[in-house]
Amino acid sequence: MEDENKENEQQINVELSEEMAEGVYSNLAMIAHSNSEFILDFIRLMPGVPRAKVKARIIITPEHAKRLIAALKDNIQKYEDQYGPIPNSQDSEPTFNFPISFGGPGGEA
């Protein structure tokens, strides 16, 4: 039975370019959705600058969005087990307000 599972497993080789490995810093995420996809915009907001730039846009299916949530929860739990609780900024006074609208269905992050 174990040999059958090994045969059915597919191995995926993921390629990561040097440029992509550097990553992009984002301190704001905006999420919108339709009936067939979730759109995640990762934004860099700079203090004192009235314009923010979308640094990356990721479009995923609802099924992938649900798997992403599960993976994030798992990783947050592992992080907090190792480093302690992550403070929830929603419990404190907001430091800024975002009057940003992209004209599509709304979401929160």
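Structure: above.
Summarised in this report is the structure supplied together with it. Everything numeric in this text was worked out from a predicted model, so none of it was measured.

1. Considering the layout of surface pockets
Here the second largest pocket defines a volume of roughly 370 Å³. Here the residues of the lining of the second largest pocket sort into 5 nonpolar, 3 polar and 2 charged.

2. A few points about the side chain of aspartate 41
Locating aspartate 41 in the fold gives a position in strand β2 (residues 38-44). Taking the relative accessible area as the measure of exposure, aspartate 41 reaches 4% and is therefore buried. A polar side-chain atom of aspartate 41 sits 2.6 Å from a polar atom in the side chain of arginine 57. Among all residues touching aspartate 41, those that are not within four sequence positions of it are Leu28, Ala29, Met30, Val54, Ala56 and Arg57.

3. Things to note about the sheet that holds strand β3 (residues 53-60)
Reading across from one edge, β1-β2-β3 is the order of the 3 strands in this open sheet, with antiparallel pairing throughout. The strands lining the two open edges of the sheet, one partner per strand, are β1 (28-33) and β3. Sheet twist, expressed as the mean angle between neighbouring strand axes with direction ignored, is 20°. Where β2 and β3 come together, 7 bridges link them in antiparallel fashion. Note that in β3 the partner of phenylalanine 38 across the bridge is isoleucine 60. Along the sheet, helix α3 (residues 62-83) makes contact with β2 and β3, crossing β3 at roughly 110°.

Rules of the game
- Residues numbered from 1 in each chain as written.
- Predicted model: local features only at pLDDT ≥ 70, side-chain atom pairs only at ≥ 80, totals over all residues.
- Heavy atoms only, no water.
- 1 Å grid on protein atoms, 1.4 Å probe; cavity = no way out; pocket = protein on both sides within 12 Å on 5 of 7 lines; lining within 4 Å.
- Points joined across faces, edges and corners; volume = space filled by probe spheres on them.
- Nonpolar A, V, L, I, M, F, W, Y, C, P; charged D, E, K, R; others polar.
- Helix = DSSP H or I, 4+ residues; strand = E, 2+ residues; numbered from the N terminus.
- Buried < 20%, exposed > 50% of the residue type's maximum accessible area, 1.4 Å probe, protein only.
- Polar contact = N/O pair within 3.5 Å; in protein donor to acceptor, adjacent residues only side chain to side chain.
- Contact = heavy atoms within 4.5 Å.
- Pairing = 2+ DSSP bridges.
- Axes fitted to C-alpha atoms, helices over the stretch in contact; angles between N-to-C directions.

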